Amino acid sequence: MTKTLEKTTGQQVYHNFIDGKWIKSETGRTFASFNPANLDEVVGHFPLSNANDTKLAVDAAHKAFHGWKHTPAPERAEIILKAAYLLETRKEELARNMVREMGKVIKEARGDVQEAIDMAKYAAGEGRRLLGMTTPSELRNKFAMAVRVPIGVIGVITPWNFPVAIPSWKILPALVAGNTVVFKPASDTPLVAMQFVEILNEAGLPPGVVNLITGSGSEVGMPLIEDPRVGCISVTGSSVTGRRIAGRCGELMKRISCELGGKNAICVMEDADIDLAVDGALWGSFGTAGQRCTATSRIIIHEKVYKQFADKFVARAKALKIGDGLDPKVDVGPVVSKSQLESIHEYVEIGKKEGAKLLFGGRILTEGELGKGCFHEPTVFGDVKPTMRIAQEEIFGPVTALIPVKSFEEAIEVANGTEYGLSLSMYTHDVNRAFKAIEEFESGIVYINAPTIGAEIQLPFGGVKQTGNGHREAGTTAIEQFTEWKSVYVDYSGALQRAQIDNYEGE
Ligand code: UN1
């Protein structure tokens, strides 16, 4: 079990990780992380750190940068590969703690850790690439190339819904590229974040290369953003938070990559395999209790198959088993917290007021054991109009909206008709329509005959419009946000050569 552990009155108290050591916050204050399946269960107590703790972490990351930057990239990568193997060994332990901390069902929690393992292996491979470029010079005896250089200290701010996978998308490419990291995990999932960092430490990272601080956005997040030694902030979270951080980073001329909200849709055409579409929509809408930025929160259906789809979909939604995610028979776990539960339920009320038809669900579940946790029924609204708030705003819970349309063209228009642009999907057997959808969808990710969730780490991940600010995580693009280009000219002519001039003199 984790070395961060300290016994006090039978409850576990954890510390920040700074400069290779687990150390107490100078505030002495803590906050508790609860099991959303049973709020009586405290998972642990974590530091409510302040600006000075954050400064110490940045000091350590800044100090470690020089040595880490000069460690050959393949050597850095070896440590990350070792972390991949340690993650494999501790997959079950991490997955179970993840279920206790944020509620997703155990199968999905294993998948979350697996995504980090995949990323660790992929990032380790990057250690022998980190490709630059060479081009010919316009002058003789002159060599031209561009190399990637690390930025320095990266501030990593992550959400609770993929508490191991998302930190891995950011931290591992940042490290292999030669940066050091200060990591502020979401306050709902500090334990698995700490275990992830513990694994990186065990894999052999030198002290200070990765540091972890828990606490609030105002007392930890903001000082991290403000510190001039932090060269780049990588954040995944809500659009409100992302916009605020990006605004401040803009003023500071600091690099910022944002991965924000989504209002993803599956389109089901009249020629689609309806059973397959129902399967996909069910998984996309209610997997992770709808708490993915990629979750399917709209299902846009051709009117010719609307009733058939709606009947089958509702029957399947009714059959989903709700409960503690540690029970392998459970399909949908709790949502992460009481406040999320309330905010999700507010959208149910909004949907009803807007005149959408509640086809199934809509209740906060309080029967028996469920009453101890944060459980919301999978909820399906029918006859939803594309302009309704439940069809426009990110709900981040197990609520989905069925929207009837008259044509393929209208489906595309409705799919594109929100401020977000993360993941869109088309169910059709018509290859022409499939390719037209790929062309027309305004989103960073497109699926054909598959739901909006389930991206793999070897392709770029991110969205357009209000979903992000142009960056992509994962894939070969992962290192872009964590490296600067340095263009290098080597003149071996022994004479002064003037670009743009010498070749043109006498013209
Ligand atoms: C997220 O919800 O922020 O594509 C990430 C997916 C997962 C990642 C989701 N691989 O659904």
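In what follows, the structure referred to is the one given above.
Residues numbered from 1 in each chain as written. Predicted model: local features only at pLDDT ≥ 70, side-chain atom pairs only at ≥ 80, totals over all residues. Heavy atoms only, no water.

Chemist: Can you help me understand the pattern of salt bridges in this one?
Modeler: Side chains carrying opposite charge are able to pair once their charged atoms draw close together. Evaluation of the coordinates by the stated rule reveals 37 salt bridges. The closest approach of N and O atoms between D59 and R229, which form a salt bridge, is 2.6 Å. Separated by 170 residues along the polypeptide, D59 in helix α1 (residues 51–69) and R229 in the loop between α7 (217–226) and β12 (230–236) bring together distant segments of the chain. For R229, a relative accessible area of 26% puts it in the partly exposed group. Notably, a salt bridge pairs R96 with E92, separated by 3.5 Å at the nearest N-O pair. Of this pair, R96 and E92 both sit in helix α3 (residues 91–102), four residues apart, which is roughly one turn of that helix. Among the residues examined, E92 registers a relative accessible area of 33% and is labelled partly exposed. Counted as one network, the salt bridges with shared partners bring together K55, D59, D227 and R229. (Salt bridge = Lys/Arg side-chain N within 4 Å of Asp/Glu carboxyl O. Helix = DSSP H or I, 4+ residues; strand = E, 2+ residues; numbered from the N terminus. Buried < 20%, exposed > 50% of the residue type's maximum accessible area, 1.4 Å probe, protein only.)

Chemist: I'm lost on the site of the ligand in this one. Help?
Modeler: Taken together, E115, N161, F162, I166, W169, R292, C293, T294, I453, G454, A455 and F461 make up all the residues around the ligand. Taking N161, its side chain carries an N or O atom lying 3.2 Å from an oxygen atom of the ligand. Contact between the ligand and A455: an oxygen atom at 2.7 Å from a main-chain N or O atom of the residue. When the free accessible area of the ligand is taken as 320 Å², the share hidden by the protein chains comes to 99%. Across the shell around the ligand, the residue classes break down as seven nonpolar, three polar and two charged. When we break the shell around the ligand down by domain, the ones giving at least three residues each are domain 1 (50–260 + 468–487) and domain 2 (264–448). (Near = heavy atom within 4 Å. Polar contact = N/O pair within 3.5 Å; in protein donor to acceptor, adjacent residues only side chain to side chain. Areas by Shrake-Rupley, 256 points an atom, 1.4 Å probe, with all protein chains shown as cover. Nonpolar A, V, L, I, M, F, W, Y, C, P; charged D, E, K, R; others polar. Domains from an automatic or database assignment.)

Chemist: Even after reading the chapter, I still don't get the pairing of strand β13 (residues 255–259), so can you show me in this structure?
Modeler: Put simply, side chains in a regular strand alternate between the two faces of the sheet. Among the five residues that make up β13, four are buried, leaving the element largely enclosed by the rest of the structure. With five bridges joining them, β12 and β13 adopt parallel strand pairing. Residue pairing for β13: C232 is matched across the bridge by R255. In the classification by handedness, the crossover that spans β12, the intervening helix α8 (residues 239–252) and the parallel β13 is right-handed. (Pairing = 2+ DSSP bridges. Right-handed = clockwise from strand over helix to strand, strands pointing away.)

Chemist: Explain α8 here, please?
Modeler: Structural remark: α-helix, 3.6 residues per turn; residues separated by three or four positions point the same way. In this model, α8 (14 residues) spans 20 Å end to end at C-alpha, consistent with the 20 Å of a helix rising 1.5 Å per residue. Every buried residue of α8 is accounted for by S239, G242, I245 and C249. Around the axis of α8, the buried residues are gathered within 130° of arc, so they sit on the same side. The exposed residues of α8 that point more than 90 degrees off its buried face are V240, R244 and E251. Contacts made by the buried residues of α8 are with β9 (153–157), α7, β12, β13 and β21 (420–421). (Expected span 1.5 Å × (residues − 1). Arc of directions from axis to C-beta. Contact = heavy atoms within 4.5 Å.)

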